[in-house]
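Read off the chains here:
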Amino acid sequence: MWWLLAGVLLAIAELFTGTFVLLMIAAGALATAGAAALGAPLLVQLLVFIGGTGLGLLGVRPALRQRFRAAPEHVESFPVGIEGAEGEVLEQVDVNRGLVRIGGQMWSARSYDASQVLAPGERVRVIEVRGATALVWRE
């Protein structure tokens, strides 16, 4: 019963780590719970636990990590078509900071031209996006 409890708790704990280590230990504990249910002596249970965990860590875990680490072919870092879109200044925009509304979403913004200071209510056009910041120009 202890092996079964340990396996379930380790599998739940894996949900918080995402490393697949606890999952492999849980698999070893669950396999051992099966051996214990069949009446295996303690030495055999320990061997099943070590063998099951070892096989999981050395054989299954690398395949799982590779499968879940594979990057998607293309990930949009910002909405398609935002460059060139019009927006409205919500908070003063200068070369250091600001806030604009573009297509119903609020974006941090900076002035594309260092000499421009844009007041709330002004219309702007997005020239470029750097990270999560839109570089804007007065319309």
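Residues numbered from 1 in each chain as written. Predicted model: local features only at pLDDT ≥ 70, side-chain atom pairs only at ≥ 80, totals over all residues. Heavy atoms only, no water.

Draft legend 1. Region of the structure containing the packing of aromatic side chains. Taken as a whole, this structure holds 2 aromatic pairs when the rule is applied. Residues W3 and F49 carry aromatic rings whose centres are separated by 5.1 Å and whose planes lie at 40 degrees to one another, so their mutual orientation is tilted. With W3 in helix α1 (residues 2-17) and F49 in helix α3 (residues 42-69), this pair connects stretches of sequence that are 46 residues apart. Looking at W3, the relative accessible area reads 21%, which means it is partly exposed. What makes F49 partly exposed here is its relative accessible area of 22%. Centroid distance Y112 to W137: 6.5 Å. Interplanar angle 65 degrees. Geometry classified as edge-to-face. Residue Y112 is located in the loop between β3 (105-111) and β4 (123-130), and its partner W137 is located in strand β5 (residues 133-138); the two are separated by 25 residues in the primary sequence. (Phe/Tyr/Trp six-rings, centres within 6.5 Å; stacked < 30°, edge-to-face > 60°. Helix = DSSP H or I, 4+ residues; strand = E, 2+ residues; numbered from the N terminus. Buried < 20%, exposed > 50% of the residue type's maximum accessible area, 1.4 Å probe, protein only.)

Draft legend 2. Structural context of the sheet that holds strand β1 (residues 86-91). The 5 strands are arranged β1-β2-β3-β5-β4 in a closed barrel whose pairing can be described as mixed. For this sheet the average axis-to-axis angle between neighbouring strands, irrespective of direction, equals 55 degrees. Where β1 meets β4, 3 bridges bridge the pair, whose relative direction is antiparallel. Across the sheet, residue G87 finds its bridge partner in β4, namely V124. (Pairing = 2+ DSSP bridges. Axes fitted to C-alpha atoms, helices over the stretch in contact; angles between N-to-C directions.)

Draft legend 3. Layout of the pairing of β3. Across 4 bridges, strand β2 (residues 99-102) lies against β3 in antiparallel orientation. Bridge pairing in β3 links V100 to W107. The turn joining β2 and β3, which pair antiparallel and follow one another in sequence, is formed by 2 residues; a positive phi near 55 degrees is taken by G103. In terms of strand pairing, β3 meets β5 through 4 bridges, oriented parallel.

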